[in-house]
Amino acid sequence: MLLFRLCLVVVILSVLLDYAVNLSDTRWSWDINHMMYFGQRLLENDLHWTVEFDDKLPVNQFLFVIPAAFDSVLAWQILSIFAMLSGAIATAFVTRQVLVSGLDLPDRVTTMCAQTSAVASLAGFAFLPGGIYHINPLASASAIGAIALLMAAVAPIRFGKTPSIWLFAFSALLASLAIGIRPYFLLCLCCAAFWLTLRLIPTGLTLLKAVYVATFWIAAVGLAGALTNVMPYVLAGNLQAFLDGMQLLRQDLILQSLTSNLKEQHSWFTDRVLPVFPFLALASVSTAIAAVIHLVRGRKTRLSDQTKGLWTDILVLTLILPGLIEAAILYKHFWSHYLQLFVPFFAIGTGFFAALLWRGPLQARTGSEVLKLALVFLTMLPLWRISLEHVRWFASRDNTAEEIDLLSNQIAQVQETLPSGSRDFLAPNLMYEHWRLREPRHGFPHAANTDFIVGKNWWGDLEIPAGYDLPKNYNEYCNQIDRKGPSIIVLKIQDELANCLRQSALYSAFEPENATSDDVLFFLRGNGS
């Protein structure tokens, strides 16, 4: 037991070191720049989808109002860390409740297994692609929080009591938030609702009532989603903007084949997950496999209701629920940071694996100490390596906080040389400079969508709703810049759009004084006046 706790402490120290590195680093993913920009636009009364399109649901814009108000990514990082800690607590709660109801373990062992799942959750969020910057930890924490609260809400039914309405409602709100951030959780959470109610049937709940409770909860999730995503447009008297946004969002904005999707996932799992979490990843997978084997064998050996319930719970949490997330991803597309969506279930599987080890080889005397030491070594070695890399980074890092603002300062200097009515700009492939200088994108696609249109040519077959004036390919993008582009266009020298600006009769290249970079191009519309 002491070795396990030592293992958990070392993992926590590695996670804290990762948090420290990220909080002091400015090299965050450009995804956060997109979200900061749209949060800032709401502060300027530009409701999501009313002026510019973003390929996320409106609730995401509301989440970034506070960080945008502080004009600080650090504010978002703090919120993200809070979400991770809350998600870890919810993960530990679910793990403990399942083990208490299905395994006769000493209370200290059950607590240790729950702590293991919580720490595994924190490590997964910290060390997988996306880190503490991305919106995925909040989505995952909201999803597992919704499951934990619904589990607690319906628990009184076991004793013939009424479910907790407040926990029920808050659970539905968290579920709607998770789905609003990442719709991939939709099927997963609907299935979780039926699982959490159907598992109460042996305690006296009828099948009809179980289905009714689950269906009512799903309806509450839908209502919460409508209130947070649709109601703002109703109040603003612009419901058509929401309908236009949904019409475009439901189309295939990112073109990935099933084969390329699977190859990309396999590559990231073998290159990033296994090297960092060799034991923890295999522990979760092997627990899911064990659940399948026991349930299949149990059809012949007639397992007790308690044992069958335990293995069913393990199967649902480690295979079925993450499997539904995977199915949704395969249907749409995959980015490496989507691995964070699986973290709570992978962490729960790790806690279950610890419990099963305790019931098996760790409870035996022969060789148990050797096995414990081997498990601690397998778990710690990759995290120690990452921690050493972080220490080296701290020792060698330069002042990136100033470097990230070099281009923003350059744009501001160019603006000061121009008349007040000719200072609007567009950086088609950049987002940081827009939110840093509080400049709208004037109806043009944001940077990621610009890459989809110009760089990857993914939007050629889209049907653009009448409410949007958006290009679908390189030529249309160039024409749109000529037709309604702002006074200043800022491009990197390698950007595809640089060619059409060079050929444009309406824009001319401009060389600012004291240029800070040789790979940045400025184009002025007309004579800049």
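All values derive from a computational prediction rather than experimental measurement.

Asker: Sorry if this is basic, but what is going on with the environment of T259 here?
Answerer: Within the fold, T259 resides in helix α13 (residues 258–276). Here T259 falls in the partly exposed class, since its relative accessible area comes to 48%.

Asker: Just checking my understanding: could you explain the pairing of strand β2 (residues 488–492) for this structure?
Answerer: When a strand is regular, its side chains alternate between the sheet's two faces. A large share of β2 lies buried, amounting to four of its five residues. Of the pairings in the sheet, the one linking β2 to strand β4 (residues 520–525) comprises five bridges and is antiparallel in character. Across the sheet, the residue bridging to I488 is L524, located in β4.

Asker: Can you help me understand the packing of aromatic side chains in this one?
Answerer: Working definition: an aromatic ring pair is given by the centre-to-centre distance plus the angle between the planes. Following the criterion strictly, the structure yields 14 aromatic pairs and no others. Relative to Y477, the ring of F444 has its centre 5.9 Å away and its plane inclined at 40°; by these criteria the two rings are tilted. Of this pair, F444 sits in the loop between α20 (432–436) and α21 (447–455) while Y477 sits in helix α22 (residues 474–484), placing them 33 residues apart in sequence. Take F444 and Y477: they sit in the same class, and that class is buried. Taken together, W49, F53, Y233, F242, W459 and Y468 form an aromatic cluster joined through their ring pairs. When the ring centre of W458 is taken as reference, the NZ or CZ atom of K456 above it lies at 5.5 Å. Sitting above the plane of the F444 ring, K484 keeps its charged end 5.6 Å from the centroid.

Asker: Just to check I follow, could you spell out the layout of surface pockets for this structure?
Answerer: Of the voids in this model, the largest pocket is the one considered here, and its volume is about 1300 Å³. Taken together, 50 residues line the largest pocket, and the ones lying closest to its centre are D55, R182, P183, Y184 and L249. Where the lining of the largest pocket is concerned, the elements lending two or more residues are α2 (30–43), α8 (165–181), α9 (185–198), α10 (207–229), α12 (239–249), α15 (305–331) and α21. Ranked by the residues each element gives to the lining of the largest pocket, the list is headed by α10, at seven residues. A breakdown of the residues in the lining of the largest pocket according to their chemical character gives 27 nonpolar, 13 polar and ten charged.

Asker: Got a minute to help me understand the packing of α9 against α10 in this structure?
Answerer: Each packed pair of helices is defined by two parameters, the angle between the axes and the distance between the axes. Between α9 and α10, the shortest axis-to-axis distance is 8 Å and the interhelical angle comes to 145°. The two elements α9 and α10 cross, and the hand of that crossing is right-handed. Across the interface between the two elements, L189, C190, A193, F194, T197 and L198 from α9 touch L207, A210, V211, V213, A214, T215, W217 and I218 from α10. Taken together, the residues of the contact of α9 with α10 break down into twelve nonpolar, two polar and no charged.

Asker: Sorry if this is basic, but what is going on with the state of the cysteines here?
Answerer: Two cysteines form a disulfide when their sulfur atoms are joined by a covalent bond. A full pass over the atoms with the stated rule returns one disulfide. The disulfide partner of C478 is C500, and the gap between their sulfur atoms is 2.5 Å. Taking the sign of the S-S torsion, -95° for the link of C478 and C500, the bridge is left-handed. On the criterion of sequence distance, the pair formed by C478 in helix α22 and C500 in helix α23 (residues 497–503) is long-range, its members being 22 residues apart. For C478, a relative accessible area of 12% puts it in the buried group. Summary of cysteine pairing: C190 is not part of a disulfide, and the nearest cysteine sulfur, belonging to C191, is at 8.8 Å. Taking relative accessible area as the criterion, C190 reaches 22% and is therefore assigned partly exposed.

Asker: Looking at this structure, how should I read the confidence of the model for the protein?
Answerer: A low pLDDT means the predicted coordinates there should not be read in detail. Put simply, the protein has an average pLDDT of 84, and 84% of its residues get 70 or more. Taken as a whole, residues 364–369 scores under 50 in pLDDT and shows three contacts with residues more than four places along the chain or in a different chain.

Calculation rules
- Residues numbered from 1 in each chain as written.
- Predicted model: local features only at pLDDT ≥ 70, side-chain atom pairs only at ≥ 80, totals over all residues.
- Heavy atoms only, no water.
- Helix = DSSP H or I, 4+ residues; strand = E, 2+ residues; numbered from the N terminus.
- Buried < 20%, exposed > 50% of the residue type's maximum accessible area, 1.4 Å probe, protein only.
- Pairing = 2+ DSSP bridges.
- Phe/Tyr/Trp six-rings, centres within 6.5 Å; stacked < 30°, edge-to-face > 60°.
- Lys NZ or Arg CZ within 6 Å of the ring centre and 35° of its normal.
- 1 Å grid on protein atoms, 1.4 Å probe; cavity = no way out; pocket = protein on both sides within 12 Å on 5 of 7 lines; lining within 4 Å.
- Points joined across faces, edges and corners; volume = space filled by probe spheres on them.
- Nonpolar A, V, L, I, M, F, W, Y, C, P; charged D, E, K, R; others polar.
- Axes fitted to C-alpha atoms, helices over the stretch in contact; angles between N-to-C directions.
- Left-handed = near helix turned anticlockwise from the far one by under 90°.
- Contact = heavy atoms within 4.5 Å.
- Disulfide = S-S within 2.5 Å.
- pLDDT = per-residue confidence, 0-100.

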